[in-house]
Structure formats: structure tokens, C-alpha cells
There are 2 protein chains.
Amino acid sequence: MKLPLLVPLLLAATAAFAQKAAPAENLVQYARPIIGTQKMGHTYPGATVPFGMVQLSPDTDTLLYAKDGKYNPDIYRYCAGYQYDDPTIVGFSHTHFSGTGHSDLGDFLLMPTTGPLQLNPGTAQKPESGFRSRFSHQNEVAEPAYYKVRLDDHNIGVELTATNRVGMHQYTFPQSDQAHVILDLMAGIYNYEDKNTWTYVRVVNDSLITGYRQTNGWARTRTLYFAMAFSKPFKSYGFRNFSKKQVYRGFWGKFDQTHNFPEMAGEQLRAYFDFNTREGEKIKVKLALSPVSQDGAVANMQAELPGWNFEQTRAQSQALWQQELSKVTIQSPKKDDKINFYTALYHTFLGPTTYQDADGQYRGLDQNNHRAEGFTNYTTFSLWDTYRALHPLFNLVQPRRNADMIQSMLAHYGQSPEHMLPVWSHHANENWCMIGYHSVSVIADAVLKGNAPFDANKALDACVATARHDSYDGLGYYRSLGYVPEDKNSSSVSKTLEYAYDDWCIAQMAQKLNRPDIYQEFSKRAENYKNVYDARIGFMRPKLSDGTFRREFDVLSTNNQGYIEGNSWNYSLYVPQDPKALILLMGGPKRFTEHLDSLFTMHLPDKFFAETEDITRDGIIGNYVHGNEPAHHAAYLYNWTDQPWKTQQRVRMILPKMYRPTPDGLGGNDDCGQMSAWYVFSALGFYPVAPGSPEYALGSPAVHGAVMTLENGKTFRITVKNQSDKNVYVKEARLNGQKLTRPFLQHQDIVQGGELVFVMSGKP
Amino acid sequence: MKLPLLVPLLLAATAAFAQKAAPAENLVQYARPIIGTQKMGHTYPGATVPFGMVQLSPDTDTLLYAKDGKYNPDIYRYCAGYQYDDPTIVGFSHTHFSGTGHSDLGDFLLMPTTGPLQLNPGTAQKPESGFRSRFSHQNEVAEPAYYKVRLDDHNIGVELTATNRVGMHQYTFPQSDQAHVILDLMAGIYNYEDKNTWTYVRVVNDSLITGYRQTNGWARTRTLYFAMAFSKPFKSYGFRNFSKKQVYRGFWGKFDQTHNFPEMAGEQLRAYFDFNTREGEKIKVKLALSPVSQDGAVANMQAELPGWNFEQTRAQSQALWQQELSKVTIQSPKKDDKINFYTALYHTFLGPTTYQDADGQYRGLDQNNHRAEGFTNYTTFSLWDTYRALHPLFNLVQPRRNADMIQSMLAHYGQSPEHMLPVWSHHANENWCMIGYHSVSVIADAVLKGNAPFDANKALDACVATARHDSYDGLGYYRSLGYVPEDKNSSSVSKTLEYAYDDWCIAQMAQKLNRPDIYQEFSKRAENYKNVYDARIGFMRPKLSDGTFRREFDVLSTNNQGYIEGNSWNYSLYVPQDPKALILLMGGPKRFTEHLDSLFTMHLPDKFFAETEDITRDGIIGNYVHGNEPAHHAAYLYNWTDQPWKTQQRVRMILPKMYRPTPDGLGGNDDCGQMSAWYVFSALGFYPVAPGSPEYALGSPAVHGAVMTLENGKTFRITVKNQSDKNVYVKEARLNGQKLTRPFLQHQDIVQGGELVFVMSGKP
């Protein structure tokens, strides 16, 4: 990786586009999209704007390219399409998830090539066998909203940038009478030969193409529309249909429908567009997306990016990043700290992503088109991950967007034939991934923190309806027995614990909205975690429908032990809504502290590493799994014991271990920003242990100072005295001059503006 | 077949809904949808309103039910889904073509059943092996807008009716706690196992379902949406996915998604809805269609058929038929003549069909949604057939609709990336079936006859652009050589002859619109028929690109002789634009008359019958093929010789032979009404030999009198004196008292109203 080069236009553009005067320091330079692209981070290096619909990024391989289209065991590495260690690039597609542990998307892959037309991607081992190309990180630049690489096999320079709904490509060709741009509609992430249900392409004129791709993947019934414009007319075009499926060919004798015929359709299409190019000639391509229609995509391009000025587009989009990153500025003598911090902040602002046309229309969960009235519709809700720290972070620095995200979730509820809030939804589909109904946490957190510019009582009703859906994932048993019985429904302990937390969120909301019946019902449900605690062994443990605990049980294993993506050591700590009660349940502060200490220090036998999903070995400290979410609050639980200094010490240990300024710098999937949100909070010195509560637990700041600029115009300043790598302990914390007597901070303390001073020390 | 029973409500409803006072006589009783359902007529017996979007009709078998999903050689019989000789009914689907020679549609098949749930249709040989049922014509009633049958295997009475966009089912069940209604989304006409690209079903509540079906068939990229309402809530429901294709199942563990789960999607679905029924209990189902969206289908149902009164709906829809059929009333002492005539008129008013929602929105050829402004959008343009007599008939009795059909064709042109008018289009797709560009004939005929409430010059431009599309079907050769060379493009003679006629149409339009350059260019092209006439043998003959006629040539064969769906004997007469010149070309009146006489009287060796497509042996008289279109004008060509009496004699011979009041009464495919339009014109005593000319050639009326009630308020009366089966010769014809000196009639003579008197005689 070269260091990113900043375009001269940037600062000017920043000044021009930032809402307030831009800070002297350019923050975009510190955000490094390449971080997390190696190993398990599952981030993508490509170009996007904050919360943008387009994520235009290189794909180095996807399942489609596995021989014979069989399931590719390696596919998991390609959740974001790009793996840093790969030697070749297959092309540049327009939609990517950031940090997920399952995947989809990868729509509309474009690849510029030279030489004889090749319509097969070829293999990484033999790139010359197809249109893919070798590339080198020496020739690669990845910045927010800008990506650059050289395709060695085609001698083509590629630059990418994006607006919200439009991806812009700038290809610098050599002299050639065999220059091509391939539009691969077969390509996709987590692709199967038969994942496409249909694709359609229409050549409107010699430089405008529209169409769509329909897939049956993680999103079961997904359609995405596009409009693609070339800066230069193509000289000829055509396609090949690779589908084995018999396609009715109409009366093809009337035309050669594979060459220069303006309508293409089929299950597995690759189209191509031919050019003659001069040495160094730049051909630009704009590809606009729409969830609604081809017309919508054309209109989005017209509204957002009518022109062809690549540098200006890049500058404007990077200015948007400068504007967002400026919401939390930090001080640190170490550049790496700034790289870690602003890259984390960058990752938290990637999604949920915009999911509506410029005119407000979007495709609903019911597969009808709707218009978002009074809010911006967002999609990609990885809620099991993001309710923990990402949405709470948004309630501080993106409150308007967070409220719109909640309105989007409520629209989903209105369109859901199950009458449920989203569990894991993207692109007008519910994929039901993971467990719980954590939408209620996101909604409760906003309501409790006073960020609810929507009908909070209607929202509460949606939460209650969701939490009473007996046919959902063991919920009927949970409601009748007080726990999910392992013999009836797997991962029963994880579900019981998370349902109980979600129920507490509903209770908090009901209390604030003065709905006593709901408050009582759900306060009671919130205590169900007690029903799966086995006092004899001091761990949460799977219980059977007959009321007895399951005999065979391994507290270290995550396989079939009543848990999902975490073992009992980690998950037994999952009562964020009431750590005090948990501590009592687990035998009081002393025993509880011992459990926590052991978690961080014990030796986890090798065989269990293989089981831990989504993370590299670096993602584990002792038996504490930071690379996955269930224990993200664990380090902060010492605050409820008499040893809060251990929270400070653990946090400062975790931060540098789990977040490094390198491509392999993330210890696990970034999970749509949750891992990064943990970093942002923890580096600032506090963390939302229980979203739905206005209280933050204090940790130990890693920054030397910070300023949060809030949408209400207030600023919250964090001043850190005697900061150093050794001085990880907080000797004293003062809020607006007042010494804090408890290691906690209230949401109001922050949003009304003020100053928090940490005085650090090398001794507990 | 029982005689149709007329509901008491009908006459009242007629009076209530007919625009003018209804005639005393009920005409609906004479229209028999069952005619043409046996053998090659390819008509359907089900319920529809004039030009309605819904054609709700029983399907007795379709390709899907062929074992192993291989191509079923027998499929051709099932273009309309129903064959009279079949012993079983598979179900009732909502879209059907009338009389086509290739097919598609058959969407949303519903089947009510009792007993154990069966989700396979089973076979005709073993109906009990599936959900299909035996039925008997004794228990079958087929009327315009009403169909009734008893399903013997399920002991269920079925009645069907329809409004424009909504099909209504009334099922009379026995007592049963195992009553079901199956919604078969796999079913379709001309279906392949893999014809579906995707299907989607959403259970909105306990009695409303919405969804869509996408297919890749004759229409390459077709989506049709539906909304289905039950008059009684179902007690349970579910589906099975028969697709071999791997479908991503999301996290199915969360629910049993096959049973009582409100979202279903996949390639090959059959859904079912369960009921308990009392003896004789009626359950009604309404299924609304939309080409635009599920919401559109719901809105269409609300707009057209909000209630549940089956009898009233039937009465209102039959009143619409009474209203349309009343536009041409005839006198005849023979009921069979009335059955033949009004059934023919019924068949001409089935299509083109409405293709827009109640709010005017429709899916365009470009797969975007559009709104029809100032016209009703129609689809299903079988133009190679219907330009001949159907659209000319519409210019007389459906001028408003015909103008809207042309506006629909112009909208298609505007959305066509090839910038061409429709060739054979349906459901937002061009299927390119058959040859020529006969849209121009339909447009020219309307313009020349003064029925052009649209921008005629823009329409002319569309015609010219279409006729200059060099890459289309040999047109480039035709333009450079003056004919299509057989060695470059097959069926070259048929194409040359039909292009020449179409070009003449364009010339006529250009002349009327005072566009002299276009007039000259296309008048010259209109003479290209001469380039394929071989004077040495007196037949049109395939010519090669070197200018020589192809040596091997058989004037009786239709296989690979330079023709399509006709042999040289028939096709050599195809110069409708200038019979005079054709007669000279073919050696003068004497030789020409001999050719015509031989055509009707010669013996066609058996081997050639096998070749003649689309028709039964009854469809051929001598070597004259009436069961297909190319020679439909032939009998009238005697009018340009000195023996017009032979036209009169041939026509009176053809009428009773080719049109009979029985299920097998049609001698060939009705071809979307063209065969029937020939009957209507000929029975009235005249025929449009060359659409694009305002002139009709006189024949010999089969009626004893007729009245045409025109939209301009005028009436045109046809009085026939001395009419009898023997008196087939016209001794004298008087128009408004004036004796006609030539056997021709002008369009203006009819539309300005008046009376035509035929005086018949037994002698030429």
C-alpha cells in the first residue's frame, strides 16, 4: 500500500461542501479502507460515500468462479468480494456489505480489458485464461470515496469514485483497437450458478444502457436496477448467455440477437462493449442504481451525477467524508492512533445504506414500491451486531440518520406479513439471520435518549407485537416456560438471554411512555435469564422442556451447547440490563470478578479455536472472544464490582491488540460497523453496556483528547491528562469540573455539551 | 353441451348497461365460446368480457404435465389450454390467447378439490393420481362471460365469470373438512419445467393473497401480478416448492416456512388453502390481474369488483357482450346462421386485450412502468393475421378501440430499442413471430379511412423507420436487391410479397398526408412483388442473390420453397394492393381465372396435407387453404376479372364449409379473430381485400339482412332479397337506391350510413 495521495481539490471542496467551516486538519487521510480486507475483517477497499447506496469495490474472487458451480468452502473469505492476499482482480462491482459473516450483493461487475475478447473470468492461477487481471498493492490506492489500481494484464489504469447512488469509473487505456468493457451480470458475492433468477439489459443508445438483476440469495427475492452511461460511444457490443437453462429464443432468425442487438435477457449473461482507444485515453463509466426501476436509475444519475468530471466528483465525495469524520476529532501524538480511530469511524459510517431513489421511492418488503414520506429509507440492518454500540453511537453523532433508520424499520414492520420488526434485513428482504428481536433495543435506545421524532407509541406497539410472535424461533416456549428449551429449539440459552434483554428494552420504553401494563409484562420477562442459570456450576446452561438442565454440557465449546457464536464462559455474562443482579446470581462480586479475570487470562485449548466463528486467533484473548459480539460488554462489567480499574486495564489491552493500522488489522468481522463502534466508544473512554439505558460505563480513553460536535450545535470535549501507554488507569474523572463519584456517564451529560476530564495514572 | 341457460337478470342488466336501448333479441345466447375448442380452432371456452385482460378458462392439459418436462409434441393442441376431447380438467387459469398457433400465458391456475391434499395434477389416464378431475360436457355450460362445469372427482360445482381485470370463481362444495383451493404457480400454457423464472406469494390476511409470476417463454421477460380474495377465510394454508434448483432458505429454523408462513417464493410453487365446508356451501374467489404491481392488482379489484355478487357480475358482463354484439345484428331464419355469425363476432371482440391498470399504468416494452395518457393500452397483436380483416372490421364497428390499439402500437414503438413497430407482441414483449411489418397496414387502414385521432405524421415516421430497418429479417437485401434472396434469408418469396404490400400501405398513407418523397420511395418498393414472379412457370418463385430463380422448386409444397404457411399456388396470388397488375403479370384475366379455378378445384395430393400448418383437412378446399391466412383474399380476386360471380359462388361455398356451429366448427386456428373476421365480412357481403384502401370488394351475403350500428350514430342497413342457399349470386346491388356498376363498395358509403340492397339469384 502506498500512502493515499490527496488531490489538491480536496481541501477547497471540503470548505465548499462541509456544513461548517472545515477543520484545519484533513481527516480523510487517516481513514484507510484497506484495513480489515485481509483475513477475517470482511471489509471492502472500494469507493463509497457515508451511508451510500453504491459501494463500488474490486472483487478478487467470488463463488461463481468455483469450478462446476458447487458450494465453495472458501466462499466465506469473500463476504466483501476482496481478499488482500489475492493476486488478481476479477472486476469492480457496485454493492458490498462491510464486515458481514454471510453475504450477498456484488451486483453489476464491470471489467475493462484489452486484446481478444474474453467472456470468462479465468482462474487466479491462470489469469490469462480469462478477463481477470493480476494487480499489485504497489499500484493500489484506497481512500474514502476513491480507489485506484493498475490492471497489469490489460495495461489499464482504473480509478473509482462514487456518489450516493452512482458509481463512477475512470479507465486509462493503452492504444488499442481491441478495448472492451465487460458487464458481468453473472458475477455476484456468495454466488451460485443458479443464484440469478433473471437479468435484463437494454441498450438505449450508443452510450446508455439500462437493466436489472434479480437474485435468489441471502435476500430471497431481490431485484436491483441500473443505468450505465459511457463517456464515449462504443463501436459495437454484444453478449453471451451462459445459462444451461433452455431459453426461449423467440424468432432469432430475424436478427443476430447476440451482436449489436439492443435487448438482452437471460439467467446468466455477460455483455461486452467494444472501443478503439488512443494511448492514455480515459473512458469514464457511470453506473447508477435503483431499487425501484430502470427509469429510477436513470433519474438518480441525472439528479446526482449528470456530468463527467471525475476529479470533482471524487473531491466532493471525499468532502462528505471530511464532514462526517469531523463529528468526532481526536488528539494523539501517534499517527497510527489517528489511523485506527478515523478508520473505525469510517467503518461505522458505511451503513445502514440508503435504499431509495432520489425521489423517495423504494422497494418495500412486500415487493411493492413505496415512497418514503418524511424520512430517508435505509437498508442492511445487521441488528444482532449493531444494536450493541453502532446505533448508540449514532444517537450521539448521527441522531437524524438513526431516527430515519428506525422509521425504515417501522416501514418494514408495516409491510411485514409476519407483523415483525426486522431481524436481519437487506434490499427489501428479511433474511432472518441470527437471533433475538434487537430492533426493539435500537428503538428503545432512541426513545430513552430522547431521539424519537416518530410516533413512539406506535413504535412500542410494533416492538410488543414482535415480542409476542409465538411462532418465531422458540418464542412461544419462552413465553410459556420462561426460557427456550434446548430440546425444542437450538441455541436456547443465547435466545433466552437475548430475549430477556430485549424485553427489558421494551419495558424501559413502556415506562417512559407510561404504558404500565406493557412495562409490567416485559419487566417480568426481562428476568427470564435467571431461568437458565445453573447455580451448581455457576454458568448459564441449556434447560430442557421438562425443567431439568441438560446433562451433557461443555462450558468452553460453542458447538451445540445451547449457544450460538459464543461459549458459556462468554455468554454467561450476557445480562447487560442488570449487571448488579447478574453478579449476585453468580455468587457475588468476588466470584464474579474471578470469572471475569479467568475469562481474560485462562488458556483456551486449541481445539476450541477451530469452533470460534468469524474470527482469527488474534480475535481471542484468553477465552475472551472480542472478534465476535456476545461479550463486547464484558470488559466493562468490572465497573459493577469494586474493581473498575480492571475495566480500564482490559480495555487498554484490547484496543491495540484488536485494532491495528494494517490490512489484517481487524481481529474479526467488522459486522457492519459494530466492531469499529466498540473501538470508537472505548477509545473515547466510555461504552453503552445496555442500550435502552441512558447510562454509559466509563473505561479508559486511548486518545489524548477529543471533541464531539453534535447536531444540536453543542460540543462535548474530552480532555485526557497524563495520557500514555502505561498510564491506562483513570485516577479521576471530572464532568464540567465536578468529580464523578461513580464510573458512569449519562447521555444527557454529553448531548447538552460540556467537558469530561480524565486524569490518567500508571497505578490502579 | 347443454344449450346455454340465460340468467333472468340478464335482460334487465342489458337494459341497465347497454349504452343505447338493448334490442329485443338477446344475442348473447347465439355466441358459443365452445366453438373452435375441438381440433385446430385453438379457442377457449372460458369467461371474458370484450377485449378483457382476464380470460378465465379451464385447462385440460399443458406441457408442464408432460412427464420429465421434455418438449411435448402434443403441446400444439393446447395453445388455448383446453381441448374438447379431453376427459379431465386440471384447473382454471386466468389468461389465454384465442386461436393462436403458438402460445404462452395460462397464469394463476386455481383448482378446488376435496379429500386428502394432492399437489400434483396427476395424469389424464389416472386423474385420481392428482388434483385434476374428470368432467362431462353434459355438465358444462360455456357462454360469453360465463362458464360452468362439475368436477366429478371432487363433487364440486364450478362457475366462472369475469370483469375486465378480475376473474370470479364460485365453487359449490360438498360437506367436507378437507376442502382445498390449489393455486398452481407452476402451471402455464406452452410451459416448460424451467419456464418460470420466479414466483412470489404473500398472504396479506386470512382471505387476501397477492403475488406475481415471472416467465421466460414466448414473451421473453414477462411478469404478471395478482391479488386473490376469498369470500371465506381459510383455516390453514401452505405450499410446496417443486424446483430442482437450490433455493436459499434463509434461516428456516426460525419458522416452518412451508405451512401457515405468509411469504412464499421460488421457481416452482404450488400453494394451497384449506377450508371446512357445509354441503352446498359456496366459496367465491376473486383474482385480479395487473401488469404493473401487486398494489395495482389490489386496486383493480377494488375498482372493478369490490363485492361478492356472482350473478350480478355475470349479468353485467354478459350485458357488455350484448352491447358489443348489438353493433351488427343480422336476420336469418336459421338459428345456426345466427350461432355462426354471433360466435364469429364474439371471437373478433376477444382481443387485442386490455393491458393497463384501472389507473392507466402499464408495463412497457422497455420493462418500465408507463401511464397511458389519452388512450387505453392494449396488448396481444397477432398482426400477420389480424391486419387482414380484423382491424378493418374494427375501423367499422370498433373505431375508438382500433385507434387506441394503434396508440398502443405507437407506444411500443417509442419504447422499442430497435425503433420498430410491433411484429407480434404481447404482455410487454416482442416475440417476433411470423413475417412482415404489418403494423403499417393497420395504421394506414385507419388513416386512409379517416379513423386517426392521433398524430398521423408521427405514425407515418414510425412506419418508415420500421420499413427501413436493414438488419430486420432480410430487409436490407430487399431494399438493395428489390427482393429477399432465398439463399440469404428463408421464406424469401413470402417476405418479398408481404413487404411489397406493406410498402404500398406506407405509400398510401404518405400520399394522404402529402409526404411526396415517402410516397415515391414506397410506391416503388410496392412493386417489388414483380421481382419474384417467374413468367416462364406463371408462379412467384424464390430468387437467389445472383438474380437467378432457384432451380429446385415445388409449387405445391410449403416446405422450404421460399414460403411460410402457404404454398406458391396460394401465395402467388398475394398482391392485394394491385390485383389488376397481378392479373396482367400472370398472363391476363383468362389465365388468371384458370389459376383461381384450379386453386379451388384441383386435387391436392395427400402428402401435402401433412405440411399445411395450423389447419385440419377441412381447412382446405382443393388446394385453397382457408385454414391459414395468406389466401384469405383469394376468393375475392374474381372481382377484378370478368367473372365476379365466381367470387360470390366461392364465398358461399367457403362459409358453410369452414364455419360450423359445433366444437370442431373452425377449419383452422382462429388466429386472434382473423378467421372469424373473414366470416363476419363475407357473411355481410363484402371484404377488405387490401387494407389501406378504403375499398371493399363485394361478395355474396349469407345473411338475410343486417344492420350495422356505428359509433358515429349512423346505421348501415344491408337488405338481401331472394336470399336462399341456392341463390348465391348477386343479380344486382343498390346503394341508397343507386345501382352499383362495379362490385365494390367504399368505406365512406358505410360510415355515412345508408342502405345496401342485394338482389340474389340462382343464376350467375
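Just so we're clear, the structure is a prediction, and the values are computed from it rather than from any experiment.

1. Concerning the sheet that holds strand S36 (residues 744-746) of chain B
Each strand in a sheet pairs with another by means of backbone hydrogen bonds, the pair being arranged parallel or else antiparallel. As summarised here, the arrangement of the three strands in space is S30-S31-S36 (chain B), forming an open sheet in which the pairing is antiparallel. In this open sheet, the two edge strands, each paired with only one partner strand, are strand S30 (686-687) and S36 of chain B.

2. Notes on the packing of aromatic side chains
Here the structure, examined in full by the defined rule, presents 96 aromatic pairs over all chains. With a centroid separation of 5.7 Å and 50° between ring planes, the pair formed by Phe255(A) and Tyr472(B) is classed as tilted. Residue Phe255(A) is located in the loop between strand S14 (236-241) and strand S15 (263-266), and its partner Tyr472(B) is located in the loop between helix H9 (456-467) and helix H10 (475-481); the two belong to separate chains. Residue classification places Tyr472(B) among the buried positions, given a relative accessible area of 0%. Between Phe686(A) and Tyr696(A), the ring centres sit 5.4 Å apart and the planes meet at 75°, which makes this aromatic pair edge-to-face. Note that Phe686(A) is positioned in strand S30 (residues 686-687) and Tyr696(A) in strand S31 (residues 695-698), a separation of ten residues in sequence. Across the pair, exposure class does not vary: Phe686(A) and Tyr696(A) are buried alike. Each residue in the set Tyr30(A), Phe341(A), Tyr342(A), Tyr636(A), Tyr659(A), Trp678(A), Tyr679(A), Phe681(A), Phe686(A), Tyr687(A) and Tyr696(A) is aromatic and connected to the rest through ring pairs, giving one cluster. Its guanidinium or amino end placed over the ring of Tyr483(A), Lys543(A) lies 5.2 Å from that ring's centre, counting from NZ or CZ. We note Arg314(B) situated over the ring of Tyr146(B); from NZ or CZ to the ring centre the distance is 3.5 Å.

3. Focus: the confidence of the model for chain A
Do not read the predicted coordinates in detail wherever pLDDT is low. Residue and element names in this part refer to chain A. This prediction gives chain A a mean pLDDT of 93; 93% of its residues lie at or above 70. In the predicted structure, residues 1-20 sits below a pLDDT of 50 and forms 44 contacts with residues beyond four places in sequence or in another chain. ipTM for the predicted complex: 0.93, alongside a pTM of 0.95.

4. Section: the interface of chain B and chain A
With 55 residues of chain B at the interface, the matching set in chain A holds 55 residues. In total, chain B and chain A occlude about 4,800 Å² of area from one another, counting both sides; carbon and sulfur atoms represent 48% of this. The tally of links from chain B across to chain A stands at two salt bridges. We note a salt bridge from Lys254(A) to Asp473(B), for which the minimum N-O separation is 3.4 Å.

5. Some details on the environment of Thr163(A)
All names here are of chain A. Summarising the element assignment, Thr 163 is placed in the loop between strand S8 (156-162) and strand S9 (166-172). When its relative accessible area of 11% is taken as the criterion, Thr 163 is described as buried. Distance in space between the C-alpha atoms of Thr 163 and Leu 345 is 19 Å, their sequence separation being 182 residues. Excluding residues that lie within four positions of it along the chain, Thr 163 makes contacts with Val 49, Val 54, Glu 304, Leu 305, Thr 313 and Ser 317. A polar side-chain atom of Thr 163 sits 2.7 Å from a polar atom in the side chain of Glu 304.

6. Things to note about the relation of the copies chain B and chain A
Mapping chain B onto chain A is achieved by rotating through 180° and translating by 0.1 Å along the same axis, at an RMSD of 0.0 Å. On the angle and the small slide along the axis, the relation comes out as a two-fold axis. Proximity to the rotation axis, assessed at the C-alpha, singles out Thr197(B) in chain B; its C-alpha lies 2.8 Å from the axis. Most of the interface of chain B is mirrored in chain A, where 100% of its interface residues again form contacts.

7. Side note on the sheet that holds strand S12 (residues 208-215) of chain A
Residue and element names in this part refer to chain A. The nine strands lie next to each other as S6-S7-S8-S9-S17-S13-S12-S11-S15, forming an open sheet whose pairing is antiparallel. Every other strand in the sheet has two partners, leaving strand S6 (141-143) and S15 as the edge strands with one partner each. On average, each strand axis in the sheet is inclined to that of its neighbour by 15°, with strand direction left out of account. Across six bridges, S8 lies against S9 in antiparallel orientation. The residue of S9 that forms the bridge with Glu 159 is Gln 170.

8. Remarks on the packing of helix H11 (residues 492-512) of chain B against helix H12 (residues 516-525) of chain B
All names here are of chain B. Remark: H11 packs on H12, axes separated minimally by 7 Å, with the N-to-C direction vectors making an angle of 155°. On the basis of the axis angle, H11 is roughly antiparallel to H12. Both H11 and H12 take part in a crossing whose hand is left-handed. Every residue of H12 that contacts H11 at Ala 500, Asp 503, Trp 504, Ile 506, Ala 507, Ala 510 and Gln 511 is listed here: Ile 518, Tyr 519, Phe 522, Ser 523 and Arg 525. Tallied by class, residues from the contact of H11 with H12 come to eight nonpolar, two polar and two charged.

9. With respect to the domain arrangement of chain A
Interface size, as often reported, equals the accessible area lost upon joining of the parts. All names here are of chain A. Considered domain by domain, chain A is made up of domain 1 (33-322) and domain 2 (327-761). A straight line from the C-alpha centre of domain 1 to that of domain 2 covers 35 Å. Taken together, the contact pairs 47 residues of domain 1 with 49 residues of domain 2. Across the domain 1/domain 2 interface, buried area totals approximately 3,700 Å², and carbon plus sulfur atoms make up 60% of it. In this assembly, domain 1 and domain 2 are joined by one salt bridge. Between Asp 664 and Lys 39 there is a salt bridge, with the nearest N and O atoms lying 3.8 Å from each other. Our enumeration of links across domain 1 and domain 2 arrives at 25 residue pairs in polar contact (both at pLDDT 80 or more).

10. Some points on the pairing of strand S7 (residues 146-151) of chain B
Residue and element names in this part refer to chain B. Summarising the sheet, strand S6 (residues 141-143) and S7 pair through three bridges and their orientation is antiparallel. Looking at the pairing, Glu 143 lines up with Tyr 146 of S7. From the end of S6 to the start of S7, which pair antiparallel, there are two residues, and Ala 145 there has a positive phi angle of about 65°. Looking at chain direction, S7 and strand S8 (residues 156-162) are connected through five bridges and run antiparallel. For Val 149, the partnering residue across the bridge sits in S8 and is Val 158. Here S7 folds back onto S8, and the loop between the two strands holds four residues, one of which, Asn 155, carries a positive phi near 55°.

11. Describing the nonpolar core
In this structure, Phe341(B) and Phe686(B) are the most contacted members of the largest nonpolar core, which totals 215 residues. At eleven residues, H11(B) tops the list of elements feeding residues into this core. Here this core spans two domains, and each of domain 1 (33-322) and domain 2 (327-761) of chain B adds at least three residues to it. When sequence neighbours within four positions are dropped, the list of residues in contact with Phe686(B) reads Leu396(B), Tyr636(B), Phe681(B), Tyr696(B), Ala697(B), Leu698(B), Gly699(B), Met708(B), Ile718(B), Leu745(B) and Ile750(B). Core analysis: the next-biggest nonpolar cluster, separate from the first, contains 214 residues, Leu151(A), Leu393(A), Val440(A) and Phe744(A) among them.

12. Regarding the state of the cysteines
This structure, assessed with the given rule, holds zero disulfides over all chains. The thiol sulfur of Cys505(A) is not disulfide-bonded, and the nearest other cysteine sulfur, from Cys463(A), lies at 8.9 Å.

13. Some details on helix H7 (residues 399-415) of chain A
Residue and element names in this part refer to chain A. Helix length check: H7 (17 residues) gives 24 Å between terminal C-alpha atoms against 24 Å at 1.5 Å per residue, within 8%. Summarising burial for H7: twelve of the 17 residues are buried, a large majority. Of the positions making up H7, those classed as buried are Pro 399, Asn 402, Ala 403, Asp 404, Met 405, Ile 406, Ser 408, Met 409, Leu 410, Ala 411, His 412 and Gln 415.

Conventions adopted
Residues numbered from 1 in each chain as written. Chains lettered and ligands numbered in written order. Predicted model: local features only at pLDDT ≥ 70, side-chain atom pairs only at ≥ 80, totals over all residues. Heavy atoms only, no water. Pairing = 2+ DSSP bridges. Helix = DSSP H or I, 4+ residues; strand = E, 2+ residues; numbered from the N terminus. Phe/Tyr/Trp six-rings, centres within 6.5 Å; stacked < 30°, edge-to-face > 60°. Buried < 20%, exposed > 50% of the residue type's maximum accessible area, 1.4 Å probe, protein only. Lys NZ or Arg CZ within 6 Å of the ring centre and 35° of its normal. pLDDT = per-residue confidence, 0-100. Contact = heavy atoms within 4.5 Å. Buried area = accessible area lost by both parts, 1.4 Å probe. Salt bridge = Lys/Arg side-chain N within 4 Å of Asp/Glu carboxyl O. Polar contact = N/O pair within 3.5 Å; in protein donor to acceptor, adjacent residues only side chain to side chain. Least-squares fit on C-alpha atoms with pLDDT ≥ 70 in both. Axes fitted to C-alpha atoms, helices over the stretch in contact; angles between N-to-C directions. Parallel < 35°, antiparallel > 145°, perpendicular 65-115°, else oblique. Left-handed = near helix turned anticlockwise from the far one by under 90°. Nonpolar A, V, L, I, M, F, W, Y, C, P; charged D, E, K, R; others polar. Domains from an automatic or database assignment. Core = buried A, V, L, I, M, F, W, Y, C linked by side-chain atoms within 4.5 Å. Disulfide = S-S within 2.5 Å. Expected span 1.5 Å × (residues − 1).

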